[in-house]
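Structure assessment
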Amino acid sequence: MTTPQASRPRNLVVVLLDSLNRHHLGAYGGAEFDTPNLDRFARERATTFTRHVTGSLPCMPARHDILVGSLDFLWRCWGSIELWERPITAQLRDAGVVTQLVTDHPHLFETGGENYHTDFSGWEYLRGHEGDPWRTWADPSWVGEPSRGEVRPAAPGGWFWERAFGVTGLERAYDTARTHLRAEEDHPGPQTMSFAARWLREATPHHPDGWFLFVDEFDPHEPFDTPEPWASRYQDGPWDGDALIWPPYADGAISRGTLSEAEGRHIRANYGAKVSMIDHWFGRVLDAFDERDLWGDTALVVCTDHGHYLGEQRRGRDLWGKPAVPQFEPLGHTPLLAAWPGRPGGGTVDALTTNVDIHATIADVFGIAPAGTSHGRSMVPLLEGTATSIRDWALGGVFGSWVQVTDGHRKYARAPEHDGFPLSMWSNRWSTMPLHVAGMQGLPDPDDRAWLDHMPGSSIPVLRQPFRPGDLLPTWVSGHRNVGDHHLYDIDLDPDEAENRTGETVEAELVELLRTALDEVEAPTEQHQRLGLA
């Protein structure tokens, strides 16, 4: 029997499921939650990538990796597409490729992410998720969702902030939006997947010369709110209190006594319910592929930006959300599934890959050279079977925090030394993730210490703002809290990261690998200085 030969697709679909944990998918050995459609996709159509890791974090920096193709966490925290950058969608437009965005991701339509959608040929925004200011009033006729079959009030979005830190005034738009939802089909995730399937059925016949669809689905990101039959699917024992749909972001919530074990199990069950619900609706996309017989000329990639901690233990403490810790395996080792015309499903690729490689792959599929600075490597040779490796290392991290490098087997997270400085931010748009907390400033304004500099590969002047100890720092910067807290793990031998091997002879090898990676991406000299590598 002749094995079918992989061929270059004419069209491409990328489905990003936010905060999707690799270890909870059946395709990667997970058994706690049901993901039958993703598992079917991996088994019958897709190639499973086993060493895909995060790059820039968190949410919007990861989208920047995919749509712009350059790691930005070494220069700035979280922001829009800058003046010196051209997203892949602008290049595809110029090449005559139709592009469509289907999303319920609210960060794309607020300060810090507001121009990622503008170069798509078309975009559809399904309203109501997380911080989306969709409704200004609560529906007084609503008490719980009727589709749940029972009243299920939920604790407000700021419950953990108030309990753990005494912070009040945290507003979550979804707490109002959920009072306007009546059926499962009303939820943003199901709406997004339904519209994506509709676009595949109805729009693609009109675009015979090639098209690109990006489905940026915010599920299973919090709030972990689902109707029945999902809501109680994984609940272990009775739960009589308000539903905890907003998880804590904490390093040691249970161990420090701010979260009970029962609450932790309940939150984890609610995440699982969200995963299973969006998996169910992802099945609509697979159905549309089948009905339109798209598998022969269309690639389908499923990815995420990062995982989400749900009480996993590291350093003797339980982790929740995305706290200021290194990107341990549950968050930093992510799923990647890719269906490719002519390539049988059920196989694996063990090569090291990261999210900027998705950008390079999109460009390669459509025969476009990435514009500006590109840090990605096309995965097309891996999928066509002409290569077994495309990169020797992958960089990742959060602005102002740890900088991580991996060779696919060992992972090194380098913390800042001394006081965590020097640290500067490069940006002409000057934005970050908005904080919906009264009286809390998320990003300090530039001051008279700022000066004009340049980014690698660009002649456009860019505002560079240096920070110093005592300054108000941008959101996500860990400051002095992690100084000297380096981590090194042999993931092949120690996937649970129980043995930190810093101080052993292998650390010197990984330090040199980190230096090499920083040099190749032309990282700021001050990154070498703050990490103690100069």
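Fair warning: this is a prediction, and the values are worked out from it, not measured in the lab. (Residues numbered from 1 in each chain as written. Predicted model: local features only at pLDDT ≥ 70, side-chain atom pairs only at ≥ 80, totals over all residues. Heavy atoms only, no water.)

**Observations concerning the pairing of strand 18 (residues 462-467)**
Definition in use: One requirement defines pairing of two strands: DSSP has to find at least two bridges between them. Helix and strand labels come from DSSP, where a helix needs a run of H or I of at least four residues and a strand needs a run of E of at least two; each type is numbered from the N terminus.
Relative to strand 18, strand 16 (residues 423-426) runs antiparallel, the two sharing four bridges. If you follow Met-425 over to strand 18, its bridge partner there is Gln-465. Strand direction decides the pairing type here: strand 17 (residues 451-453) and strand 18, joined by three bridges, are antiparallel. The residue of strand 18 that forms the bridge with Leu-452 is Leu-463.

**Comments concerning helix 7 (residues 261-292)**
The line we're drawing: By this rule the span expected of a helix is its residue count minus one, scaled by 1.5 Å. Between buried and exposed lies partly exposed: a residue is buried under 20% and exposed over 50% of the maximum accessible area for its type, with that area taken using a 1.4 Å probe on protein chains only.
Taking 1.5 Å as the rise per residue, helix 7 with 32 residues should run 46 Å; its terminal C-alpha atoms sit 47 Å apart, in good agreement. Most of helix 7 is tucked away, with 23 of its 32 residues classed as buried. Just downstream of helix 7, Asp-293 is the residue with a positive phi angle, here 55 degrees.

**Some points on the pattern of salt bridges**
Selection rule: Any carboxyl oxygen of Asp or Glu that lies within 4 Å of a side-chain nitrogen of Lys or Arg is treated as forming a salt bridge with it.
Within the structure shown, the criterion is met by 45 salt bridges. The residue Glu-82 makes a salt bridge to Arg-76 at a minimum N-O spacing of 3.0 Å. Accessibility expressed as a relative area gives 2% for Glu-82, which makes it buried. Residue Glu-512 pairs with Arg-515 through a salt bridge whose shortest N-O separation is 2.4 Å. Of the two residues, Glu-512 and Arg-515 are both situated in helix 11 (residues 505-520); the distance of three residues between them amounts to about one turn of the helix. Note on Glu-512: relative accessible area 42%, which makes it partly exposed. The exposure class of Arg-515 is partly exposed, given its relative accessible area of 24%.

**Observations regarding the sheet that holds strand 7 (residues 250-251)**
Read from one edge of the open sheet, three strands run 7-10-9, paired in antiparallel fashion. Where the open sheet ends on each side, the last strands, each with one partner, are strand 7 and strand 9 (309-314). Direction of pairing for strand 9 relative to strand 10 (residues 317-321): antiparallel, over a ladder of four bridges. Residue pairing in the sheet places Tyr-309 in a bridge with Gly-321 of strand 10.

**Some details on the sheet that holds strand 2 (residues 46-53)**
The cut-off we apply is this: Note on geometry: axes are lines fitted to C-alpha atoms, helical ones only across the stretch in contact, with angles between N-to-C directions running from 0 to 180 degrees.
Pairing within the open sheet is mixed, and its eight strands lie in the order 5-4-6-1-8-11-2-12. Taken across any chain shown, the strands that pair with only one partner, and hence form the sheet edges, are strand 5 (122-125) and strand 12 (347-354). This sheet shows a mean twist of 15 degrees between the axes of neighbouring strands, independent of strand direction. As paired strands, strand 4 (residues 98-103) and strand 5 are joined by four bridges and run parallel to one another. Directly across from Leu-101, in strand 5, lies its bridge partner Trp-123.

**Considering the state of the cysteines**
The condition is simple: Here, a disulfide means two cysteine sulfur atoms that sit within 2.5 Å of each other.
This model, assessed by the stated rule, comprises zero disulfides. Among the cysteines around Cys-59, which has no disulfide bond, Cys-303 carries the closest sulfur, lying 13 Å off. Since its relative accessible area comes to 2%, Cys-59 is described here as buried. With relative accessibility at 1%, the residue Cys-303 sits in the buried group.

**A short note on the side chain of Asp-132**
Our working definition: Note on contacts: a residue pair is in contact if any heavy atoms of the two residues lie within 4.5 Å.
Structurally, Asp-132 can be placed in the loop between strand 5 and helix 4 (159-165). Asp-132 gets classed as buried once you look at its relative accessible area, which sits at 2%. What Asp-132 contacts, discounting residues up to four positions off in sequence, is Pro-106, Tyr-125, Arg-127 and Ala-173.

**A word on unusual backbone geometry**
Residue Pro-58 follows Leu-57 across a cis peptide bond; omega there is -5 degrees. On the secondary structure map, Pro-58 appears in the loop between strand 3 (56-57) and helix 2 (59-67). The omega torsion of the bond from Phe-421 to Pro-422 falls at 10 degrees, within 30 degrees of zero and hence cis. For Pro-422, the position within the fold is in the loop between strand 15 (410-414) and strand 16.

Take it as geometry only, folks, not as evidence of what the structure does.
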